[in-house]
Amino acid sequence: ALTTDGIVEEIEQGLYRDPFLVGWMTVMVNLSDLAAVGAKPGGVLIQLNLPPDADEQLHSGLRQGIEAACRTCGTFVLGGDINSSSRLSTGGTAIGTLPKGRTISRKGCRPGDLLYTTAPAGSGAAFAFRQISGGDGKSLEYQPTARLKEGSVVREFASACLDTSDGLIPGLAQLAFINDTGFEFTTPYRQILHPSAQALASQEGIPSWLMLAGPHGDFELLFTISAGKEAEFLDTAHSIGWTPLCLVIVIPGGLVLDVGTDRPVRTDPTLIANLFPEVDGDAGAYLKSLDSFHKALLEKE
């Protein structure tokens, strides 16, 4: 298994300010992709593009973040490249191995399957909101870890899987498009949301479902299990000390969610996933678009 990803937009938008977090995420965004196919990491190649005025604090923080992430996941830096650039950016390429036999991809779920995630969602959205709205830069409050152990179990039982690097609903939008399906939430948001997301929604008066809208994610795994395999899957998950969280049921089309009215509404998850690129990544405009989208759903028949 091979994957490559970089940390560019997150630095440009001011989400990742701490060098340690930049180094950590350079590794984790790639290992999370390996986890989504149940691969065991063999190592990562790292590319660092450093500004000419990079000081020792930047160098040291990047090194420490990269090393800590590799140690946490039991893998290594295999090599890479360092360049001088006008702005800081990083990238990585990870290699992993899979046992012969069953593989998993984003394609394969069907109506009637149950959609699970590895842990509560929304921590990435809460972190991004704090940073964009003038947070104090304590980036280590957000430090996701690739779900490699869980991914090896998911590979054996799931019908489709991806990671929530872009948020939960954008992940649903990808699965819906690839598999020509839809999703209906069956679990209350108070059980779905990470404590940091719940607290932020309460403090700021943000509708709970918007904490799942992305575009900055949690790097959990999002996967579907057929009803016939659910019992065996849960037994295996519990045997490694993991309690997966069931979110939705797969339906023929659309996204059915609770927006705070007395009845669920149906929408297209792709419309939500596209709100951020439609405003060219402008954080303020994105928040306004989310608010307008929510109000439109409230008025929907």
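Residues numbered from 1 in each chain as written. Predicted model: local features only at pLDDT ≥ 70, side-chain atom pairs only at ≥ 80, totals over all residues. Heavy atoms only, no water.

Some points on the overall build of the protein chain
- A count of helices and strands for the protein chain gives 12 helices and 11 strands.
- Compactness check: the protein chain gives a C-alpha radius of gyration of 19 Å against a globular reference of 19 Å for 301 residues, within 12% of the reference.
- Overall size of the protein chain, expressed as C-alpha extent along the three principal axes, is 55 × 45 × 30 Å.
- The buried share of the protein chain, taken over its 301 residues, is 50%.
- A sequence separation of at least 24 residues applies to 84% of the contacts in the protein chain between residues at least 6 apart. (Helix = DSSP H or I, 4+ residues; strand = E, 2+ residues; numbered from the N terminus. Rg over C-alpha atoms; globule rule 2.2 N^0.38 Å. Buried < 20%, exposed > 50% of the residue type's maximum accessible area, 1.4 Å probe, protein only. Contact = heavy atoms within 4.5 Å.)

Some remarks on unusual backbone geometry
- Of the consecutive residues glycine 214 and proline 215, the connecting peptide bond is found in the cis state with omega at 5°.
- Within the secondary structure, proline 215 sits in the loop between helix H8 (195-204) and strand E8 (221-225).
- Not every positive phi belongs to a glycine, and phenylalanine 219 is a case in point at roughly 60°.
- Along the chain, phenylalanine 219 turns up in the loop between H8 and E8.

Quick word on a nonpolar patch on the surface
- A surface patch of nonpolar side chains, about 540 Å² in accessible area, is lined by Leu2, Leu45, Phe76, Leu78 and Ile95.
- Structurally, leucine 45 is set in strand E2 (residues 40-50). (Patch = residues over 30% accessible without salt bridge, like charges linked within 9 Å, V, L, I, M, F, W, Y side chains within 5 Å. Areas by Shrake-Rupley, 256 points an atom, 1.4 Å probe, with all protein chains shown as cover. Salt bridge = Lys/Arg side-chain N within 4 Å of Asp/Glu carboxyl O.)

A look at the nonpolar core
- Tyr16, Met25, Leu31, Phe223 and Phe233 are the most contacted members of the largest nonpolar core, which has 49 residues in total.
- Counting only elements with at least two residues in this core, the list comes to helix H2 (19-35), E2, helix H3 (56-73), strand E5 (114-117), helix H4 (123-132), helix H5 (148-157), E8 and helix H9 (230-239).
- The greatest single-element share of this core, amounting to 11 residues, is contributed by H2. (Core = buried A, V, L, I, M, F, W, Y, C linked by side-chain atoms within 4.5 Å.)

A few points about the environment of threonine 181
- On the secondary structure map, threonine 181 appears in the loop between helix H6 (168-179) and strand E7 (182-185).
- A relative accessible area of 7% places threonine 181 in the buried class.
- Residues threonine 181 and threonine 72 lie 109 residues apart in sequence; the distance between their C-alpha atoms is 36 Å.
- Beyond its immediate sequence surroundings of up to four residues, threonine 181 is in contact with Cys109, Arg110, Pro111, Leu175, Ala176, Val250, Ile251, Pro252, Gly253 and Gly254.

Points about the packing of H2 against H3
- One can describe the packing of H2 onto H3 by two numbers: an axis separation of 6 Å at closest approach and a directional angle of 35°. As H2 runs across H3, the sense of the crossing is right-handed. Across the interface between the two elements, Pro19, Phe20, Val22, Gly23, Trp24, Val27, Met28 and Leu31 from H2 touch Gln57, Leu58, Gly61, Leu62, Gln64, Gly65, Ile66, Ala68, Ala69, Cys70, Thr72 and Cys73 from H3.
- For the contact of H2 with H3, a count of residues per class yields 14 nonpolar, 6 polar and no charged. (Axes fitted to C-alpha atoms, helices over the stretch in contact; angles between N-to-C directions. Left-handed = near helix turned anticlockwise from the far one by under 90°. Nonpolar A, V, L, I, M, F, W, Y, C, P; charged D, E, K, R; others polar.)

Considerations on the sheet that holds strand E4 (residues 89-97)
- The sheet built from 4 strands is open, its strands ordered E1-E4-E2-E3 with mixed pairing. Two strands lie at the open edges of the sheet, namely strand E1 (2-7) and strand E3 (77-84), each paired on one side alone. With direction set aside, neighbouring strand axes in the sheet form an average angle of 15°.
- Strand direction decides the pairing type here: E2 and E4, joined by 9 bridges, are antiparallel. Following the sheet pairing, valine 44 is matched in E4 by alanine 94. (Pairing = 2+ DSSP bridges.)

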